[in-house]
Protein chains: 2
Amino acid sequence: MLNNIFSLIILQSLIAFQLGAQSDSSVLSSFFKTALTQDKAYADLHDLCKKVGPRLSGSDNAARAVLLTQQLLKNAGADTVWLQDVMVPHWIRGGKEKAFYEPASGSKTILPVRVCALGGSVPTPLAGITAEMVEVQGLGELSKMDPAAIRGRIVFYNGAFDQSEMETFEAYSKAVQQRWGGAMESARYGAMGVVVRSMSQHVDEWPHTGSMGYNDSIVKIPAVAISTADAENLSKALKQNQHLVFTFKTSCQTLPDVRSANVIGEIKGSEYPNEVIVIGGHLDSWDLAEGAQDDGAGVVQAIEVIRLYKTLGIKPKRTIRVVAFMNEENGLRGGKEYASQAAKGDEKHIAAIESDAGGFTPRGFTLDVKPELRVAIQKSWKSLLDKFEIGDLDNDGAGADVSPLKDTCPLLAELHPDSQRYFDFHHSARDVFENVNDRELEMGAAAMASFVYLIDRYGTNP
Amino acid sequence: MLNNIFSLIILQSLIAFQLGAQSDSSVLSSFFKTALTQDKAYADLHDLCKKVGPRLSGSDNAARAVLLTQQLLKNAGADTVWLQDVMVPHWIRGGKEKAFYEPASGSKTILPVRVCALGGSVPTPLAGITAEMVEVQGLGELSKMDPAAIRGRIVFYNGAFDQSEMETFEAYSKAVQQRWGGAMESARYGAMGVVVRSMSQHVDEWPHTGSMGYNDSIVKIPAVAISTADAENLSKALKQNQHLVFTFKTSCQTLPDVRSANVIGEIKGSEYPNEVIVIGGHLDSWDLAEGAQDDGAGVVQAIEVIRLYKTLGIKPKRTIRVVAFMNEENGLRGGKEYASQAAKGDEKHIAAIESDAGGFTPRGFTLDVKPELRVAIQKSWKSLLDKFEIGDLDNDGAGADVSPLKDTCPLLAELHPDSQRYFDFHHSARDVFENVNDRELEMGAAAMASFVYLIDRYGTNP
């Protein structure tokens, strides 16, 4: 027994020595090989998706996800794991939504359509809302219309994704204004409710939910998302019949706030324990599916960074802290609470990197940094990262959850994976474990570990 | 009417003038935007997969694919479309294969397993082959064994993909030696037949076929691929029972060669019509599915290059020629015939680029060129290609079909897409249209057009 312990100590020392002598390139290579071979992030994602499932803020499942994530962080080898309390909104969908229309006035044919309430929406009256419909392609078109054409009607926002954008997030950020602002802008003109084309590149049967905003000084009207296939058909029907009558019923509601938590685990830094590198994803998901890509993937990738450090026996100089943020989807309360607490302590946050763009093959990182830091990072690290095809550092941006750290943290970033398939799944019932490829997920985890490794080793003055 | 024609001519002249003044970057950008917006390569792929389907060399479907591809090339705007005769092998699978084993000797339990004959295999006797089994992890292990342990047995090659490889093609090229050489090597020692673990990263239910070799001086024994899930279970059962008896039955056969064709279409060059840039994929597929990724994707991407030139009104200086090669999968007769004819003419082939690694998001191109040409290409074009995330030019290789041009053509290349999901589908019943993402496919087509554009504009001495 003693012999075995001594052998183990000698073996670990040898590994540590060899790692010290290793080039950065071989460390990064070990991250990729280990993640791909052990496939542990994928196993964690399986548990989060299949043992918990959908985990909208305030739900019982979100509470269960907090417990599971604590355990996953301990299993991965975090020195310390704790919860950070945060009060979150508690919106519930209620019963299954219904919607239908009469393609021809007074016809007996009634076409059902697939819709889901937008997150945060008020419900319709019990009988639903029935009204004539007016179609627009976006907020810009609405703002130019005669208010009389809107009053008493349901506004149908049918602006499609711009397919010519190479990055699907660019198309999303243009189209999503309809979802966020559609109800409040329509309400100004006396609309009864809004139907928004789902935020997806593809024409298919799945409605995609997502958060929406209200303006407290304007009446709140209910809003649903409609599947893209139904949106296309509805648009055609409206061209045939301008007096088309549309009905939808929802029973969602907002309950009192609930106490929840960010889940945090870390490896303490050996030289600069007060210098913190935050990595994370958000633990909450929408309620229609398992939140596998959005953002179970990001949570398990961050946890995998700790596991990779532990498995390979690498001791970070700085503290590497995983934060599984609560409530990104409909409030960002977790990200705000973390930043608020971080501002009070004597720790120095030197970098914060989120993964919240899906578990697809990584291409690089978007950065929210001063221009001179971007140049320094590109000059020092790009050629190494390029060897692993993760050297794209040209784009702006950081994860929503780490953005509240902007005033105090010089390096905010987000993992930048291939984006082509993301909106096939995002916020819809298709965002399930089966639609994540294990190798793509693991490569993203290794990419996160690689960037963290360089920041830990060289600081944010590379 | 005349007015309209004049307007059209003026419009086209204006477009042509503007294109002349455009930067290379804006031309490449137009390729991507147009391909993504029009989505025509995807529509062509739909036709190839759903109107024709599987198209193994020598089959009626392969003949139908030839006719359809001629039409697709004409529709895309090729100046000239023709067929190049080529005789191809004609192997057929025959009836559905069967395989099963008794996990315990003399037990009444019989476990069925999912297998498919390897392409080119001889059949088993009508009653099948029943024998004890010996498991090896590859040809190396086999070569070290006592021949007595192999004689009269079925050899089970269970070497798995090396998951630590970042590029799945690297893992494939190591493992596939079992499939190609397994039967001929086992036959040296008197084996009755071979069962080969499917060439896939994942453990699932799908057997993957693929070509195998025989040595004419050694007896030919039948070979099947087994699904990875069944391979795992079989391996466990063999550890429990070294006398496990395995049975498989196949009825495949090789019929006389059949006359078939490469399908060729081109846009003649305006300045150097005798300088040819070949782009292509292979039109034949395995018989288990629609050959959507392998290699319908490559064929429609090459056709899309012609459509993009025509749509954007770009006139190439050199001749851009699409070749849909026949018989890549089990003979390479099309590629060899094309090169043989090319050597006879007075044309100069300056580049040949195949797409045969799947319709996934492109990352760059593998090159088979002299070192000084690689350096020149990287120096001149990499930074531009990087803007479109297709600047990875570090790897060696070219498509199988263009490789026979090596002696006469200075620049051989292959589109290099993301490889993580390729072997989930490759040569299995899962290689269907539904498993191709339209945007990923179209971006690969735009990448092909981009590389062709630079070669046409600057030649192979950039």
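About the cut-offs
- Residues numbered from 1 in each chain as written.
- Chains lettered and ligands numbered in written order.
- Predicted model: local features only at pLDDT ≥ 70, side-chain atom pairs only at ≥ 80, totals over all residues.
- Helix = DSSP H or I, 4+ residues; strand = E, 2+ residues; numbered from the N terminus.
- Rg over C-alpha atoms; globule rule 2.2 N^0.38 Å.
- Buried ≥ 20, exposed ≤ 12 C-beta atoms within 10 Å, placed from the backbone.
- Contact = placed C-beta atoms within 7 Å.
- Least-squares fit on C-alpha atoms with pLDDT ≥ 70 in both.
- Domains from an automatic or database assignment.
- Core = buried A, V, L, I, M, F, W, Y, C linked by C-beta atoms within 7 Å.
- Expected span 1.5 Å × (residues − 1).
- Bend = angle between axes of the 7 residues up to and from the residue.
- Pairing = 2+ DSSP bridges.
- Nonpolar A, V, L, I, M, F, W, Y, C, P; charged D, E, K, R; others polar.
- Axes fitted to C-alpha atoms, helices over the stretch in contact; angles between N-to-C directions.
- Parallel < 35°, antiparallel > 145°, perpendicular 65-115°, else oblique.
- Left-handed = near helix turned anticlockwise from the far one by under 90°.

A. Layout of the overall build of chain A. Broken down by element type, chain A carries twelve helices and 15 strands. For 462 residues, the compact-globule estimate of 2.2 N^0.38 gives 23 Å, and chain A sits close to it at 24 Å. Counting every position in chain A, which comprises 462 residues, the buried fraction comes to 55%. Pairs at least 24 residues apart make up 83% of the contacts formed inside chain A by residues separated by at least 6 positions.

B. Looking closely at the relation of the copies chain B and chain A. Mapping chain B onto chain A leaves a residual RMSD of 0.0 Å; the transformation is a rotation of 180° accompanied by 0.0 Å of translation along its axis. Taken together, these values place the two copies in the relation of a two-fold axis. The residues that chain B uses at the interface reappear at the interface of chain A in 100% of cases, marking a shared surface.

C. Representation of the environment of M199 of chain B in the model. Among the secondary structure elements, M199 of chain B is positioned in the loop between strand 7 (193–197) and strand 8 (223–226). Once the C-alpha coordinates of M199 of chain B and A187 of chain B are considered, the two residues, twelve residues apart in sequence, prove to be 21 Å apart.

D. Region of interest: the domain arrangement of chain A. Residues and elements named next belong to chain A. As far as domains go, chain A holds domain 1 (21–90 + 257–458) and domain 2 (94–251). When each unit is reduced to the centre of its C-alpha atoms, the spacing between domain 1 and domain 2 is 34 Å. At the interface, 14 residues of domain 1 touch 17 residues of domain 2.

E. Geometry of the nonpolar core. Judged by nonpolar contacts, the single largest core of 138 residues is most densely connected at L45, V224, V305 and M448 of chain A. Looking at this core element by element, the count peaks at twelve residues for helix 12 (residues 438–458) of chain A. Counting contributing residues, this core receives three or more from each of domain 1 (21–90 + 257–458) and domain 2 (94–251) of chain A. Once residues within four sequence positions are removed from consideration, V224 of chain A is found in contact with E97, A99, V115, C116, A117, L118, V195, F248 and T250 of chain A. Of all hydrophobic cores here, the second largest spans 137 residues; its members include I129, I150, A261 and Y338 of chain B.

F. How the structure looks around helix 6 (residues 168–188) of chain B. Residue and element names in this part refer to chain B. For helix 6, which comprises 21 residues, the first-to-last C-alpha distance of 31 Å matches the rise-based estimate of 30 Å (1.5 Å per residue) to within 8%. Its axis deflected by about 60° at G181, helix 6 carries its strongest bend there. Among the residues making up helix 6, those that are buried are T168, A171, Y172, A175, Q178, R179, G182, A183, M184, E185, S186 and A187. Looking at the residues trailing helix 6, positive phi occurs at G190, about 85°.

G. Broad picture of the sheet that holds strand 6 (residues 154–157) of chain B. All names here are of chain B. Taken together, eight strands build an open sheet; the order of strands is 3-2-9-5-6-7-8-4 and the sheet is mixed. The open sheet is flanked by strand 3 (111–112) and strand 4 (115–117), the only strands paired with a single partner. Sheet topology places strand 2 (residues 98–102) next to strand 9 (residues 245–249); five bridges connect them, and they run antiparallel. Along strand 9, the bridge assignment pairs K98 with K249.

H. Molecular detail of the sheet that holds strand 7 (residues 193–197) of chain A. Residues and elements named next belong to chain A. Pairing is mixed in the open sheet, where eight strands are placed in the order 3-2-9-5-6-7-8-4. The two strands at the open ends of the sheet, each matched to only one other strand, are strand 3 (111–112) and strand 4 (115–117). Note: strand 2 (residues 98–102) against strand 3, two bridges, orientation antiparallel. Across the sheet, residue F100 finds its bridge partner in strand 3, namely P112.

I. Structural detail: the environment of R151 of chain A. All names here are of chain A. Relative to the helices and strands, R151 resides in the loop between helix 5 (139–143) and strand 6 (154–157). With 13 C-beta atoms packed within 10 Å, R151 lands in the partly exposed category. In this structure, the C-alpha to C-alpha distance between R151 and Y189, residues 38 residues apart in sequence, is 5.7 Å. Excluding residues within four positions of it along the chain, R151 makes contact with Y189 and G190.

J. Inspection of the interface of chain B and chain A at higher detail. In this complex, chain B contributes 18 residues to the contact, which on the side of chain A involves 18 residues. When contributions to the side of chain B that touches chain A are tallied by element, the ones reaching two or more residues are helix 2 (24–38) and helix 12 (438–458) of chain B. For the side of chain B that touches chain A, the element with the highest residue contribution is helix 2 of chain B, accounting for four residues. Split by residue class, the side of chain B that touches chain A holds three nonpolar, seven polar and eight charged.

K. Summary view of the packing of helix 4 (residues 60–76) of chain B against helix 8 (residues 292–312) of chain B. Residues and elements named next belong to chain B. It is at 8 Å that the axes of helix 4 and helix 8 come closest, and there the two elements cross at 25°. By the angle between their axes, helix 4 is roughly parallel relative to helix 8. Judged by the twist between their axes, the crossing of helix 4 over helix 8 is right-handed. Only V299, I303, I306, R307 and K310 of helix 8 make contact with helix 4, whose side of the interface consists of T69, L72, L73 and A76.

L. Summary view of the pairing of strand 5 (residues 129–136) of chain A. Relative to strand 9 (residues 245–249) of chain A, strand 5 of chain A runs antiparallel, the two being bridged by four bridges. Bridge pairing in strand 9 of chain A links T130 of chain A to T247 of chain A.

M. Spatial organisation of the environment of D394 of chain A. Residues and elements named next belong to chain A. Counting through the fold element by element, D394 comes out in the loop between helix 10 (371–387) and strand 15 (412–417). Given 16 C-beta atoms within 10 Å, D394 falls into the partly exposed group. For D394 and V219, which are 175 residues apart along the polypeptide, the C-alpha to C-alpha distance reads 42 Å.

N. Seen up close, helix 9 (residues 333–344) of chain B. Residues and elements named next belong to chain B. Helix length check: helix 9 (twelve residues) gives 17 Å between terminal C-alpha atoms against 16 Å at 1.5 Å per residue, within 8%. Within the sequence span of helix 9, burial applies to R333, G334, G335, E337, Y338 and A339. At its buried positions, helix 9 is contacted by strand 1 (80–92), strand 10 (253–267), strand 11 (272–282) and strand 12 (318–325).

O. Broad picture of unusual backbone geometry. All names here are of chain A. Following D294, the chain continues to D295 via a peptide bond in cis, the omega torsion being 5°. Among the structural elements, D295 can be located in helix 8 (residues 292–312). One non-glycine residue, D39, adopts positive backbone phi at about 60°. Counting through the fold element by element, D39 comes out in the loop between helix 2 (24–38) and helix 3 (40–52). Given 16 C-beta atoms within a 10 Å radius, D39 is considered partly exposed.

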